[in-house]
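Chain by chain, the residues:
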Amino acid sequence: MADTLFHKVWDAHKVRTLPSGQTQLFIGLHLIHEVTSPQAFDMLRQAGLKVPFPERTVATIDHIVPTSSQKRPFLDVMAEEMTVALEKNCREFGIKLYLPDKMEQGIVHVIGPQLGLTQPGVTIACGDSHTSTHGAFGAIAMGIGTSQVRDVLASQCLAMDPLKVRRIDVNGQLRPGVYAKDVILTIIRQLGVQGGVGFAYEYGGTTLDRMTMDERMTICNMSIEGGARAGYVNPDETTFAYLKGRQFAPSGAAWDKAVTWWKSMASDKNATYDDRVTLEAASIEPTVTWGINPGQSVAIGERIPANADPEALAYMGFDANTPVRGTKIDVAFIGSCTNGRLSDIEEAAKIVKGHKVAKGVKALMVPGSRVVAAEAEKRGLHQIFIDAGFEWRGAGCSMCLAMNPDKLEGRQVCASSSNRNFKGRQGSPTGRTLLMSPAMVAAAAIAGEVMDVREVLEGVPA
Amino acid sequence: MNEITQVSGHGLPLRGNDIDTDRIMPARYLKVVSFEGLEQHVFEDDKKTNRGPHPFADMRYQGASILVVNSNFGCGSSREHAPQGLARFGIRAIVGESFSEIFLGNCSVLGVPCFTADHETIDKLQTLLEKSPETEMVADVKTGAITAGSMKFTAQMPVAVRDAFVQGKWDPTAMLVDKFDDVKKVAKHLPYVAGF
Ligand code: SF4
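Residues numbered from 1 in each chain as written. Chains lettered and ligands numbered in written order. Predicted model: local features only at pLDDT ≥ 70, side-chain atom pairs only at ≥ 80, totals over all residues. Heavy atoms only, no water.

Peer 1: Any details on the pairing of strand β7 (residues 140-143) of chain A? Residues and values, ideally.
Peer 2: Residues and elements named next belong to chain A. Residue alternation in β7 divides its side chains into two sets, I140 and M142 and A141 and G143, and both sets are buried. Two elements, strand β6 (residues 123-126) and β7, share 4 bridges in a ladder whose sense is parallel. Looking at β7, one finds that T123 is bridged to I140. (Buried < 20%, exposed > 50% of the residue type's maximum accessible area, 1.4 Å probe, protein only. Helix = DSSP H or I, 4+ residues; strand = E, 2+ residues; numbered from the N terminus. Pairing = 2+ DSSP bridges.)

Structure below.
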């Protein structure tokens, strides 16, 4: 019977129906980090439980790592304590851990794919809502809470209810200056931040077919901002080409068998969906948020809607019927699990090259992982940013959620390539975040205000 | 495990859609290795920036057990620190228009039942609690019956979740570790575990 990847993966991992009516689902890959795991290990110890599949959990630190100096012990006492706790927990339970002294360290959603741990057809869980990122490979990847981290550690399973599947097709060619970030911001704007509750989003269509893995990850990453706990793209040749030769990807004779299995897990052509939505790529514009959730956005040439939420307007200091374009910024942040990969840095570098960051703007470029940083440095990209007046940092989450020293102050406005513009998200209770593509952030950093990136992209009519 | 059949006490009305977990528990309070003491920081920034007194800072709602919210409550970050903070603040049930899934799952494993009802009903209940904070509320898990003073309505909860609370099976860990042979069997059939 024709079926979706979601259902095929679900069925292959279903252990049984629990007495509670939920499904006991086997989790193929469990990723953990320092923020949402320490209490889980404590609960495990209190209950006297063991970790039966320690090799199926991989740990890193990303949220609290300082990105200026990563020398141990960290200057921040709590950051150090959390790191020590993770080291101790991983040692005790036999879990692989990548700290900043290892080349593998980085934001958990950047390193999973980079190491080839993230593969098609796998169920992936992590105590982090942006776990949906890994769906770009045709994995079913979901964010969980700390008690569930304990459950996965103790049983390699989760108690879950199945999701419905909404197929989202994006067809055609994106126009110059329009990026994957604009696609997902537009999808969220159209379907709403609650639109995906109860759904997994399956992204497809000719636009997605042509996208790189980095771009697909940007899209899947923000599924959760649209309310969808999981988002995925069916695996194809692009997926396989990305994975081939990676540290934890199958190799030799196993490779061909893996590809055959991966292909078999993709949604069938005539699969039926609980809902379908179609977008034309050509209709998508460079997009920027004006409010306090990622659905509150406009195309750069548009004005904030007349019926805009008054609470959001008051917090942001915007008026309805006015453009976001031209808004002065104080900080520019490029990075995060949404847009902290090599291609994001490359796109931003194209804009930044030969220019200077506007006076009074603090600009941060924070690579998503050590490997991304090293690769960018090898290509000399770091120098472009440094010459322009950006700070070139070590790998981590940084100002995406400001658990390290990188924070907004007061009511500062930040042009940010991250994923959340929630009140206070970037570390100041009154700080303001404008989400946009890395290229748009780069353009804003140079201009000192929000602008249309197409004006600085050579030969592109806005 | 405890059976949770009923929650009673005072209600705490909190208006607003899409209230995210960053607001419930600002990220700086995630720099901890335990959940203890998180109740002190619930809505800390909202309390400061709210126009007018924030319900969580309002003395009239001190000691409340049932939180009454609007739609998509708890969206955003998966941080369990948010429901942990609410639970430690004293919230033992939540009635709202809708919840984000991760938040809902977190509440379930903490033994905090979440009920849903339509906008008009929630709005009426919030207005009632704003006028009369001393209103006694009872939320019956088994039937979904919610009473607040003279106001009565039936709220929804997925049957499986309801049964889990009523039968005291809301913490899944014991069930998940119970049939470990079944888990091994599934693992053995997955090519990426068994080897391609
Ligand atoms: S970069 Fe931001 S969204 Fe991504 S894992 Fe880190 S804190 Fe979370």
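Read on for the rest.
Peer 1: Can you explain the side chain of Q119(A)? Please cite residues and give values.
Peer 2: Secondary-structure assignment places Q119(A) in the loop between α4 (108-114) and β6. There is a polar contact of 3.1 Å between the side chain of Q119(A) and the backbone oxygen of F248(A). When neighbours within four sequence positions are excluded, Q119(A) is seen to be in contact with F137(A), A139(A), L243(A), F248(A), A249(A), P250(A), W262(A), Y192(B) and F196(B). (Polar contact = N/O pair within 3.5 Å; in protein donor to acceptor, adjacent residues only side chain to side chain. Contact = heavy atoms within 4.5 Å.)

Peer 1: I'd like a rundown of the sheet that holds strand β10 (residues 199-204) of chain A, residues and numbers included.
Peer 2: Residues and elements named next belong to chain A. Ordered by their spatial adjacency, 4 strands build an open sheet running β11-β10-β9-β12, and the pairing between neighbours is parallel. Both edges of this open sheet fall to β11 (230-233) and β12 (275-280), since each of them pairs with a single strand only. Put simply, the sheet's adjacent strands are angled 20 degrees from each other on average, direction ignored. Here helix α6 (residues 180-191) sits on the sheet and contacts β9 (164-171), β10 and β12; the angle it forms with β9, its principal contact strand, is near 125 degrees. (Axes fitted to C-alpha atoms, helices over the stretch in contact; angles between N-to-C directions.)

Peer 1: Kindly report on the site of the ligand, identifying the contributing residues and their values.
Peer 2: Close contacts around the ligand come from H63(A), I107(A), H109(A), D128(A), H130(A), S336(A), C337(A), C397(A), C400(A), L401(A), N419(A) and R425(A), and that covers them all. Classifying every residue of the shell around the ligand gives 5 nonpolar, 5 polar and 2 charged. (Near = heavy atom within 4 Å. Nonpolar A, V, L, I, M, F, W, Y, C, P; charged D, E, K, R; others polar.)

Peer 1: Pulling in residues and values, what's your account of the interface of chain A and chain B?
Peer 2: Residue-level contacts link 76 residues of chain A with 53 residues of chain B. Here chain A and chain B share an interface that buries about 5100 Å² over both sides, 63% of which is from carbon and sulfur atoms. At the boundary of chain A with chain B, the tally comes to 4 salt bridges. A salt bridge links R23(B) to E311(A); the nearest nitrogen and oxygen atoms lie 3.3 Å apart. Applying the counting criterion to the chain A and chain B interface returns 20 residue pairs in polar contact (both at pLDDT 80 or more). Among the elements that take part in the side of chain A that touches chain B, helix α5 (residues 146-155) of chain A stands out by supplying 7 residues, more than any other. (Buried area = accessible area lost by both parts, 1.4 Å probe. Salt bridge = Lys/Arg side-chain N within 4 Å of Asp/Glu carboxyl O.)

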